[in-house]
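A closer look at the structure
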Amino acid sequence: LAAAVCYFLWGLVPLYWKRLGAVDPLELIAHRHVWSLALLIVLLAFLGGFAAVRTALNSLSGFATNLLNALLLTGNWLVYVWGVNTGHVIECSLGYFLVPLVNVAAGRFVLHEHLRRAQWIAIGCAALGVVLMIFQLGRPPWIALAIAGTWGGYSLMRKRSPLGALTGLTAETLVLAPLALGYLLWQHHRGAGALGRVDLTTHLLILSAGVITAVPLTLFAYAARRIRLSTLGLLQYIAPSVQLVLGIWLYQEPFDRSRVLSFTFIWTALALYSFDNLIQQRAANPN
């Protein structure tokens, strides 16, 4: 339930970022870090967990791991917000459709895991869909590829993390929050920051970045440590499906036959991947 709610909320997030399209994406990500950390500190004050955060950042390896998580997450946020606010909601949705297949490919080429025949075919179908999109767009769908790569890496790191949902997210946010705050102060000093220079609604939306960020990420981290990664992969299709609908029906982005063909190959790959996972789970747990 936590995973399903998390992915549905992420599917609706373009509605939020579109309202902040006049604000620089880098500044929005800086606000996202600062206000997320403020909310997380309040939550930890009530629920406890400061000791675990301190322990996680005390060692060099722990700090490096959380820094890597933070960089992957920040990169994902930045590309996504920029993509949404420049009229690429459909391509952003493609990125999240590709995440499970990126995980499978990373398992083979990075971790040297053995792939089943169905998984090879799924990767091939997805690759063909991306190639078709390159011909259709005249360029690689780098927004989708960057989103898939950063989120796939973050998902794997969070699955392996010993930290709880709130403590892990707090540690990740804390390592980059000083840079984010420094950037916001510098922007304000040079007269380019949004706070104090925009209307009341935009102020409220910016200050809500902590809630928009922390709530679904906490649900995700909670779910990632309690259910199978394959189950998490199936549920994650909720978010890009909602985003795709928003891109087509609300924002009227182009979705012509060539793009439909590209998505069809990728959806076929996802269907094959999902079916193969279910068969393997059933074989491993016949009861």
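Residues numbered from 1 in each chain as written. Predicted model: local features only at pLDDT ≥ 70, side-chain atom pairs only at ≥ 80, totals over all residues. Heavy atoms only, no water.

**Looking at the side chain of Thr-167**
Relative to the elements of secondary structure, Thr-167 occurs in helix α8 (residues 165-189). Classification of Thr-167 as buried rests on a relative accessible area of 10%. Ignoring anything within four residues of it in the chain, the contact list for Thr-167 reads Leu-44, Gly-49, Ala-52 and Val-53. (Helix = DSSP H or I, 4+ residues; strand = E, 2+ residues; numbered from the N terminus. Buried < 20%, exposed > 50% of the residue type's maximum accessible area, 1.4 Å probe, protein only. Contact = heavy atoms within 4.5 Å.)

**Brief notes about the packing of helix α4 (residues 60-85) against helix α5 (residues 89-109)**
For the pair α4 and α5, interaxial distance at closest approach is 8 Å and the crossing angle is 150 degrees. Judged by the twist between their axes, the crossing of α4 over α5 is left-handed. In this structure, α4 uses Asn-76, Tyr-80, Gly-83 and Val-84 to contact α5, whose residues at the interface are Val-89, Cys-92 and Tyr-96. By residue class, the composition of the contact of α4 with α5 is five nonpolar, two polar and no charged. (Axes fitted to C-alpha atoms, helices over the stretch in contact; angles between N-to-C directions. Left-handed = near helix turned anticlockwise from the far one by under 90°. Nonpolar A, V, L, I, M, F, W, Y, C, P; charged D, E, K, R; others polar.)

**Points about empty space enclosed by the protein**
According to the stated counting rule, one finds two cavities of 30 Å³ or more in the structure shown. Contributing to the lining of the largest cavity are 14 residues, with Trp-10, Asn-76, Tyr-80, Tyr-96 and Trp-151 lying nearest its centre. Elements supplying a minimum of two residues to the lining of the largest cavity: α1 (2-18), α4 and α12 (238-250). It is α1 that contributes the most residues to the lining of the largest cavity, four residues altogether. A breakdown of the residues in the lining of the largest cavity according to their chemical character gives ten nonpolar, three polar and one charged. Size it by volume and the second largest cavity reaches roughly 30 Å³. Together, His-33, Ala-70, Leu-73, Thr-74, Trp-77, Leu-169, Glu-172 and Thr-173 line the second largest cavity. Per-element accounting of the lining of the second largest cavity gives the leading share, four residues, to α4. Grouping the constituent residues of the lining of the second largest cavity by class yields four nonpolar, three polar and one charged. (1 Å grid on protein atoms, 1.4 Å probe; cavity = no way out; pocket = protein on both sides within 12 Å on 5 of 7 lines; lining within 4 Å. Points joined across faces, edges and corners; volume = space filled by probe spheres on them.)

**A word on the environment of Thr-213**
Among the structural elements, Thr-213 can be located in helix α10 (residues 209-224). When its relative accessible area of 1% is taken as the criterion, Thr-213 is described as buried. For the pair Thr-213 and Ser-36, spaced 177 residues apart in sequence, the C-alpha separation works out to 6.4 Å. Beyond its immediate sequence surroundings of up to four residues, Thr-213 is in contact with Arg-32, Ser-36 and Trp-77. A polar atom in the side chain of Thr-213 sits 2.4 Å from the side chain of Arg-32. (Polar contact = N/O pair within 3.5 Å; in protein donor to acceptor, adjacent residues only side chain to side chain.)

**Topic: the packing of aromatic side chains**
Scanning the model with the defined rule gives 15 aromatic pairs in all. Measuring from centroid to centroid gives 5.7 Å for Tyr-7 and Trp-10, while their planes differ by 55 degrees, and the two rings are tilted. One end of the pair, Tyr-7, and the other, Trp-10, are both in helix α1, three residues apart, so they sit about a helical turn from each other. What makes Trp-10 buried here is its relative accessible area of 13%. On the numbers, 6.2 Å between centres and 90 degrees between planes, the contact of Phe-97 with Phe-263 is edge-to-face. (Phe/Tyr/Trp six-rings, centres within 6.5 Å; stacked < 30°, edge-to-face > 60°.)

**Observations concerning the confidence of the model for the protein chain**
Mean pLDDT over the protein chain: 86, with 97% of residues reaching 70 or higher. When mean pLDDT is taken per element in the protein chain, α4 scores highest with 93 and helix α11 (residues 229-235) scores lowest with 70. (pLDDT = per-residue confidence, 0-100.)

**Quick notes on the nonpolar core**
By size, the foremost hydrophobic cluster in this structure holds 72 residues, and its most contacted members are Trp-10, Trp-17, Trp-151 and Phe-220. Considering every element that reaches this core, the biggest residue donor is α5, with ten residues. If near-sequence neighbours (up to four positions away) are discounted, Trp-10 is found in contact with Tyr-80, Trp-151, Pro-216, Leu-217, Phe-220, Ala-239 and Gln-243. If you look at the next biggest cluster of nonpolar residues, it comprises five residues, including Ala-30, Val-34, Ala-180 and Leu-184. (Core = buried A, V, L, I, M, F, W, Y, C linked by side-chain atoms within 4.5 Å.)

**A look at the state of the cysteines**
As used here, a disulfide is simply a covalent bond connecting the sulfur atoms of two cysteines. Under the criterion given, the structure shown has zero disulfides. Between Cys-6, a free cysteine, and Cys-92, which holds the nearest cysteine sulfur, the sulfur-to-sulfur gap is 17 Å. The exposure class assigned to Cys-6 is buried, which follows from its relative accessible area of 0%. (Disulfide = S-S within 2.5 Å.)

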